[in-house]
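Here are the chains, one letter per residue:
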Amino acid sequence: MKAETIILQGHQKVKKPKYQRKGSVIQTLVQTPLKYVPKFTPTNLLEQKEQFLTSGIVPKFNFKGSQEAIEKIISTKKAEIRFTYMAEAKKCLDLTKEQFGSVDTFVAEAYGKRINHLEASAYLAQYLTDHNIEGSMKIVWSPDLACSAQMCWQGPNIRYNKPEARKYTLWIKNSSENTLLREHGIKGLADHEIGTHFFRNLNDGFQPWFSDRKKFGLKGLQSKTLQCTEEGIATIHTLLSAQHHFLAVSALTYYTACMSTKMKFRELFDHLQQYVIDPEQRWKHVMRVKRGLEDPDEMGGYGKDQCYFEGAVEILRNIDKIDFTMLMSGKVCWKDIPRIKRVVRVDCIKLPQLMRNLDKYKKKLREVARINGIATYTKPCVRKSSRTKRTSKTTIPVNNENKRKNSAVSVNTTKPVNFSPQKAAPTSCTNVHSTTNKLYDRFTKAGDTAAYSIQQALLDSGRRLMRRSKIPANKLQEMATGQLTMVKA
């Protein structure tokens, strides 16, 4: 099947020279058709951007949905602005500024020189071929998207359990605002949208929970927790092919949302100049935060985009806790991995090339965490309880007529040392005396009244009782001496 690049001009379709790459379907649009515009994406985005950058007029956004529908979206829990990782975001931005001077310079050095959409299309087509998934999606370029790229699918509702009927489309922004439309950036974009979102969606269709997540106790597809995991791992994958691995762009998104609670549109736009010089990039970040407000010049904003940085930090902190093969098995949170391990269909899981060697993959993730100053969780080293032997050598003078006079006998006492705690038994001094009396009787009946033997036996018995009853050593010595006096008498 030959692919066509179609440019929409008004209501007419003008066919351009055909682009063919092993079944890949790639289209370029002048404007996104209204039916494909999400409810929360402004329909007059380009017009308001030009007015603001040229005349400084605060934008007034129009949406496909009603104002009530927009207010419902920004009132959800995942739209709330969070400050949990504000310190980490600012630290990452400060580190980037210290090393590169600005986020603009970092993007240029990390993602390379700019490329056009034809060069990017050629790379994406080859990416699909290398992963043996050519023809599995359509790639569409459009200049008026609110984000750099977006993976979408159409098909039957998931409750009908027909994942094979889904059709995927990768929408990419064809504009200078797209920071990933660069030599190395397009690789990161492919790993983000195809290597992460597409593969997790594809694998999810093979799993038993696909049509009934509640049955397996999994988070909903629209939950904040799942959104953080999904975008967090995708954000990390975007960096792995870059020349530098700072989380600067996602940290800027998080920081912008936090600062929107105390700054208006223009104030926030000017405030971000300390990190970002390019006005188009500052516009993009402020617009995405303020777009849901009825009056964008008010304080407050939309915090959903914080999940990119938040999810990345959570995953980097728990690298050793996460089974990344299980994480790619479907649309699951990293905290739900223990829940799915017994039911997941492992043979169906397909991984992108960047995850084929998990040891090297984890090593790269630890390097990303180190560069961004994120402390990773390490399992505590549990010292196994071992028994060591303590040997003491005691020389006791012998005073026994049946033995040789003025001789010495070496007595070796070998005792195991147990480091495990023991409960103290309610043992009194009376119990110690009772035990030593029994030992005295046993030795005298045997005809052996050697002082050193009885003293040694009494001390051995006393030590065992002392460990349980915590009797002081000097008290034990007095008791043993008292019994020894009885023997001599």
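Throughout this description, residue numbers start from 1 for each chain and increase along the sequence as written. Where totals are concerned, whole chains, interfaces and linings use all residues; where local detail is concerned, this predicted model gives features only for residues with pLDDT of at least 70, and gives and counts side-chain atom pairs only at 80 or more. Hydrogens are left out, water is left out, and the side-chain values use all remaining heavy atoms of the structure.

Draft legend 1. Examining the pattern of salt bridges more closely. What makes a salt bridge here is a side-chain nitrogen of Lys or Arg within 4 Å of a carboxyl oxygen of Asp or Glu, nothing more. As enumerated under the stated definition, the model contains 15 salt bridges in all. Here glutamate 177 ties to lysine 173 by a salt bridge, and the two come within 2.7 Å at their closest N and O atoms. Grouping residues by exposure puts glutamate 177 and lysine 173 together as buried. Of the charged contacts in the structure, one is a salt bridge between arginine 200 and glutamate 230, with a shortest N-O distance of 2.6 Å. Note that arginine 200 is positioned in helix H6 (residues 185-204) and glutamate 230 in helix H7 (residues 224-240), a separation of 30 residues in sequence. Each residue is placed in one exposure class: buried if its accessible area under a 1.4 Å probe, protein chains only, is under 20% of its type's maximum, exposed if it is over 50%, and partly exposed if it falls in between. Judged by its relative accessible area of 0%, arginine 200 is buried. Residues participating in the shared-partner salt-bridge network are Lys49, Lys173, Glu177 and Glu280. In this text, helices come from DSSP runs of H or I with a minimum length of four residues, and strands from runs of E with a minimum of two, each type numbered from the N-terminal end.

Draft legend 2. Inspection of unusual backbone geometry at higher detail. The phi torsion at asparagine 132 lies on the positive side, around 60 degrees, for a residue other than glycine. Of note, asparagine 132 is situated in the loop between helix H5 (117-130) and strand E4 (137-142). Residue asparagine 161 is not a glycine yet carries a positive backbone phi of 55 degrees. Of note, asparagine 161 is situated in the loop between strand E5 (149-154) and strand E6 (167-173). Note on asparagine 161: relative accessible area 42%, which makes it partly exposed.

Draft legend 3. Geometry of the environment of alanine 234. Structurally, alanine 234 can be placed in helix H7. Using a relative accessible area of 0% as the deciding quantity, one classes alanine 234 as buried. In sequence terms alanine 234 and histidine 197 are 37 residues apart; their C-alpha atoms lie 7.3 Å from each other. Between two residues, a contact is recorded if the distance between any of their heavy atoms is within 4.5 Å. With residues near it in sequence (within four places) discarded, alanine 234 still touches His192, Thr196 and His197.

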